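# Commentary on secondary and tertiary structure
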Amino acid sequence: MANNIRDIKIRIESIKSTRQITNAMKMVAAAKLRKAQDKIINVRPYANHINEMIKRIKQKNRITQHPLLSEEEIKGIHAIVIVTADRGLCGSFNTNIIRKAIEYIAANPKAELICIGKKGYDYLKKNTDRIIKNYTGLFNEMNFSVSKDIASYLMDLFLNENYSKIEVLYNEFKSSIQHNIIAKQIFPILPEDQSETNYLDFIYEPDEKTIIDVLGKKYINVEIWRILLESSAAEQGARMTSMDSATDNATELIKQLTLQYNRARQAGITKEIIEIASGAEAINN
Amino acid sequence: MSKLNLTVIQPDKIKISSEYDHIIVPGSEGDFGIFPDHTPLITQIRTGILMLFRNKELEKYAIHDGFVTVENNLVIIICDTIEAADEIDTDRAENSRKRAEQRLKSNAKDIDFRRAEAALKRSLVRINIQKKNKF
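Residues numbered from 1 in each chain as written. Chains lettered and ligands numbered in written order. Predicted model: local features only at pLDDT ≥ 70, side-chain atom pairs only at ≥ 80, totals over all residues. Heavy atoms only, no water.

### Section: the interface of chain B and chain A
Across the contact, 25 residues belong to chain B and 23 residues belong to chain A. The contact between chain B and chain A buries some 2100 Å² in all, and 68% of this surface belongs to carbon and sulfur atoms. In this structure, the connection of chain B to chain A is made through two salt bridges. The closest approach of N and O atoms between A:Lys218 and B:Asp80, which form a salt bridge, is 3.0 Å. Sorting the residues of the side of chain B that touches chain A by element identifies strand 1 (4-10), strand 2 (13-20), strand 5 (41-45), strand 7 (57-71) and strand 8 (74-84) of chain B as the ones contributing at least two each. Element by element, the count of residues in the side of chain B that touches chain A is highest for strand 7 of chain B, at six residues. Here the residues of the side of chain B that touches chain A sort into 11 nonpolar, eight polar and six charged. Alignment of strand 6 (residues 203-205) of chain A against strand 5 of chain B, held across three bridges, turns out to be parallel. (Contact = heavy atoms within 4.5 Å. Buried area = accessible area lost by both parts, 1.4 Å probe. Salt bridge = Lys/Arg side-chain N within 4 Å of Asp/Glu carboxyl O. Helix = DSSP H or I, 4+ residues; strand = E, 2+ residues; numbered from the N terminus. Nonpolar A, V, L, I, M, F, W, Y, C, P; charged D, E, K, R; others polar. Pairing = 2+ DSSP bridges.)

### Some remarks on the packing of helix 2 (residues 93-107) of chain A against helix 3 (residues 118-127) of chain A
All names here are of chain A. At their nearest, the axes of helix 2 and helix 3 sit 10 Å apart, and the two run at 45° to each other. In terms of orientation, helix 2 lies oblique with respect to helix 3. With respect to the hand of their crossing, helix 2 and helix 3 are arranged in right-handed fashion. Along the contact surface, helix 2 presents Asn94, Ile98, Ala101, Ile102 and Ile105, while helix 3 presents Lys119, Gly120, Tyr123 and Leu124. Taken together, the residues of the contact of helix 2 with helix 3 break down into six nonpolar, two polar and one charged. (Axes fitted to C-alpha atoms, helices over the stretch in contact; angles between N-to-C directions. Parallel < 35°, antiparallel > 145°, perpendicular 65-115°, else oblique. Left-handed = near helix turned anticlockwise from the far one by under 90°.)

### A closer look at the domain arrangement of chain B
Quoted interface sizes are often the accessible area lost when the parts come together. Residues and elements named next belong to chain B. Each assigned domain of chain B is listed with its residue range as follows: domain 1 (4-85) and domain 2 (88-131). Domain 1 and domain 2 are separated by 24 Å when their C-alpha centres are compared. The interface of domain 1 with domain 2 comprises 10 residues on the first partner and seven residues on the second. With both sides pooled, the region where domain 1 packs onto domain 2 buries about 770 Å², and carbon together with sulfur makes up 68% of that total. By the criterion of area lost to domain 2, the three top residues of domain 1 are Thr47, His64 and Ala85, representing 48% of everything that side buries. (Domains from an automatic or database assignment.)

### Topic: the pattern of salt bridges
Within the structure shown, the criterion is met by 19 salt bridges over all chains. A:Asp213 is the partner of A:Lys209 in a salt bridge, and the nearest nitrogen-oxygen pair spans 3.1 Å. Here A:Lys209 pairs with A:Asp213, and both are found in helix 5 (residues 208-284), just four residues apart, close to one helical turn. Owing to a relative accessible area of 48%, A:Lys209 belongs among the partly exposed residues under this scheme. Residue classification places A:Asp213 among the partly exposed residues on the basis of a relative accessible area of 31%. Where B:Glu83 meets B:Arg126, a salt bridge forms, and the shortest distance between an N and an O atom there is 2.8 Å. In this pair, B:Glu83 sits in strand 8 while B:Arg126 sits in helix 2 (residues 113-131), placing the two residues 43 residues apart along the sequence. Here B:Glu83 matches B:Arg126 in class, with each residue buried. Counted as one network, the salt bridges with shared partners bring together A:Lys184, A:Glu223, A:Arg226 and A:Glu230. (Buried < 20%, exposed > 50% of the residue type's maximum accessible area, 1.4 Å probe, protein only.)

### Let's talk about helix 4 (residues 144-160) of chain A
All names here are of chain A. Over its 17 residues, helix 4 extends 24 Å from the first C-alpha to the last, a length consistent with the 24 Å expected when each residue adds 1.5 Å. Those residues of helix 4 lying buried are Val146, Ser147, Ile150, Ala151, Leu154, Met155, Leu157 and Phe158. Residues of helix 4 that are buried in the fold lie against strand 1 (77-83), strand 2 (112-116), strand 3 (131-135), strand 4 (163-175), strand 5 (178-187) and helix 5. (Expected span 1.5 Å × (residues − 1).)

### Side note on the side chain of A:Thr247
Residues and elements named next belong to chain A. Along the chain, the position of threonine 247 falls in helix 5. For threonine 247, a relative accessible area of 8% corresponds to the buried category. With sequence-adjacent residues up to four places away left out, threonine 247 is seen in contact with Arg19, Thr22 and Asn23.

### A look at the side chain of B:Gln10
With respect to the element layout, B:Gln10 can be found in strand 1. Side-chain polar atoms of B:Gln10 contact the side chain of B:Asp12, separated by 2.9 Å. (Polar contact = N/O pair within 3.5 Å; in protein donor to acceptor, adjacent residues only side chain to side chain.)

### What about the domain arrangement of chain A?
The domain boundaries assigned to chain A delineate domain 1 (2-21 + 243-284) and domain 2 (35-241). Taking the mean C-alpha position of each, domain 1 of chain A and domain 2 of chain A sit 54 Å from one another.

### Here we look at the pairing of strand 5 of chain B
Residue and element names in this part refer to chain B. Of all five residues that make up strand 5, five are buried, and the element is covered over most of its length. Burial along strand 5 is two-sided: Leu41, Thr43 and Ile45 facing one way and Ile42 and Gln44 facing the other are all buried. Across five bridges, the pairing between strand 5 and strand 7 is antiparallel. Paired with threonine 43 across the strands is valine 68, a residue of strand 7.

### Things to note about the sheet that holds strand 5 of chain A
All names here are of chain A. Judged by pairing direction, the sheet is mixed, and its five strands sit side by side in the order 3-2-1-4-5 without closing on themselves. Edge positions in the sheet fall to strand 3 and strand 5, since each of these pairs with one other strand and no more. With direction set aside, neighbouring strand axes in the sheet form an average angle of 20°. Sheet analysis places strand 1 next to strand 4, joined by six bridges and oriented parallel. The residue bridging isoleucine 80 from the neighbouring strand is glutamate 167, located in strand 4. Sheet contacts for helix 4: strand 1, strand 2, strand 3, strand 4 and strand 5; angle to strand 4, the most-contacted strand, approximately 150°. With respect to the sheet, helix 5 is in contact with strand 1, strand 2, strand 4 and strand 5, its orientation differing from that of strand 4 by roughly 40°.

The following block contains the structure:
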């Protein structure tokens with residue numbers, strides 16, 4: 001009996017320290033989430049305006065021959081960028097993306113993969129040999145130049161190699177408890193919101209093509225940056241909620257074990273009293 | 001007289017949002033002025049000095065690579081970075097100018113000329129903005 005009591009005590013202690021860790025991770029995730037959210041809000045005006053400009057140029061001038069904006073079906077390799085997290089312990093965040101990625105691979109047997117984030121890469125490299133590039137460890141220190149590197153790599157694939165369509169599969173941040181998986185086409189560029197608006201006639205300087213060349217590059221840069229931020233915010237949100245429920249579960253478990261411990265202790269004391277009482281009775285008799 | 005409503009957006013924040021009488025923008029084909037009731041325009045901006053005029057007072061900014069859109073007295077500039085004259089660290093700019101010049105002179109094969117050139121241009125603008133403080 002004494003052994004059992006000690007075991008329960010040890011378990012309670014260990015769960016308590018686990019709870020401390022999950023609680024700390026929850027706090028850290030909450031702080032990081034707030035930072036990532038701020039960054040998303042800050043990048044929005046810039047991204048929206050670039051999007052608006054591209055839409056404007058495309059609609060007014062009906063430019064479809066430009067390679068970045070072409071709407072024709074061209075034969076070529078399709079590629080998909082899969083954005084996961086570098087770390088686990090964030091609920092279904094990584095598994096959902098990986099499941100979608102596997103579905104995509106099954107549906108597009110020729111498509112090639114680019115992995116961002118360690119978790120997705122580690123899993124997918126065992127299942128497919130079509131990963132052409134991977135980026136890991138970039139969520140620790142997120143800055144604009146990282147996304148510029150990725151953007152220029154993708155740009156090079158699309159413009160100089162035989163790639164005709166590039167999509168990105170990522171978790172879009174909705175709220176700290178909700179994130180949606182989104183597959184977004186980034187090459188060729190499809191401006192969001194295709195509604196017709198009556199725009200004024202603009203003067204373009206130097207000319208539309210040069211502007212689209214440069215603007216397209218900026219668009220991809222900021223789009224990749226936004227995707228990385230969304231994904232990292234969604235990751236922190238997922239981690240925060242899953243660590244929150246882990247902390248709750250630990251508290252619940254501690255409660256149950258404490259009850260068990262007290263019962264066992266009580267039983268032990270009762271047993272000892274009975275032993276003493278019956279011993280005393282034996283002497284009296 | 002109507003005024004220009006100017007917004008300058010950087011990737012990480014809105015840097016300027018205010019009204020001005022007129023502005024001078026370093027366009028890719030040369031500097032040009034924008035006065036109220038300007039015709040609609042979309043233009044590329046090169047690395048250079050952006051001048052903003054309000055009540056005869058001049059504000060100067062070093063601006064790097066972007067676009068300007070003018071429509072109905074609404075001027076929107078998007079750029080990689082923009083810095084006011086007093087935000088610039090002259091020593092740092094001077095150092096980066098030296099570094100860029102060295103890289104360009106070194107003639108090594110593995111340097112990226114366009115990047116070094118862009119770095120040189122940026123640092124020169126940052127240095128010049130301090131010198132020409134009169135218009």
